[in-house]
Amino acid sequence: MIGRMHHVVIDCPDPLALARFYSELLGRPVTYRSADWVVVASDERSSGLAFQLAPDHVPPRWPDPAYPQQVHLDVMVDDVDAAEPCVLALGATRLSADDARSRVFADPAGHPFCLIPRPSWADPVVEPVETPVVELVETPEPHDA
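Residues numbered from 1 in each chain as written. Predicted model: local features only at pLDDT ≥ 70, side-chain atom pairs only at ≥ 80, totals over all residues. Heavy atoms only, no water.

Participant: How should the environment of aspartate 56 be read in this particular structure?
Facilitator: Note on placement: aspartate 56 falls in the loop between β4 (48–53) and β5 (73–77). Aspartate 56 sits in the exposed class, given a relative accessible area of 73%. C-alpha separation for the pair aspartate 56 and cysteine 12, spaced 44 residues apart in sequence, amounts to 8.5 Å. (Helix = DSSP H or I, 4+ residues; strand = E, 2+ residues; numbered from the N terminus. Buried < 20%, exposed > 50% of the residue type's maximum accessible area, 1.4 Å probe, protein only.)

Participant: Just checking my understanding: could you explain the sheet that holds strand β6 (residues 93–94) for this structure?
Facilitator: Consider a sheet: its strands pair through backbone hydrogen bonds, and that pairing is either parallel or antiparallel. The strand order β5-β8-β7-β6 describes an open sheet built from 4 strands, whose pairing is mixed. Pairing within the sheet leaves two strands with one partner each, and these edge strands are β5 and β6. Pairing of strand β7 (residues 103–106) with strand β8 (residues 112–117) involves 4 bridges; the strand directions are antiparallel. Each bridged residue has a counterpart across the sheet, and for alanine 106 the counterpart in β8 is proline 112. (Pairing = 2+ DSSP bridges.)

Participant: What's the story with the nonpolar core in this structure? I'm lost.
Facilitator: Taken as a class, soluble globular proteins show a tendency for nonpolar side chains to be buried jointly. Counting residues in hydrophobic clusters, the biggest one holds 23 residues, and the most contacted among them are Leu18, Tyr22, Leu25, Phe51, Val87, Phe113 and Leu115. When contributions to this core are tallied by element, the ones reaching two or more residues are β1 (8–12), α1 (15–26), β3 (37–41), β4, β5, α2 (80–90) and β8. With 6 residues, the single largest contributor to this core is α1. The contact partners of valine 87, leaving out residues within four places of it in the chain, are Phe21, Leu25, Ala92, Phe105, Phe113 and Leu115. (Core = buried A, V, L, I, M, F, W, Y, C linked by side-chain atoms within 4.5 Å. Contact = heavy atoms within 4.5 Å.)

Here you go:
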């Protein structure tokens with residue numbers, strides 16, 4: 001072995017916006033942010049997806065070979081039909097035909113990604129557990145009666 005996978009880096013015109021899209025899609029937090037580089041990963045010490053500022057970015061036009069994919073992700077889901085409206089609500093655009101078992105979408109910067117049915121060998125995809133919002137309420141200082 002010479003090395004180990006670190007980040008998959010995706011060029012885009014707005015790294016933070018695209019990172020937020022993939023953060024929601026994959027249920028992973030934004031773990032690093034600068035003006036031209038944003039990372040989405042499990043935590044600050046994990047590899048993940050990095051989004052790099054490319055001001056002159058020309059989006060791919062799948063399946064047009066004159067504008068190649070550049071990169072694409074396969075995202076496994078338990079139910080492609082149920083996942084589709086969720087990714088569309090995040091800002092994705094559907095690229096493939098209605099009858100496809102797996103479906104091709106474009107992220108907000110135009111990069112293709114696929115929703116694929118979860119393979120039988122993979123654990124079920126689970127909803128991220130939402131942390132309850134705890135409202136802080138000021139309690140009055142105790143006073144002598």
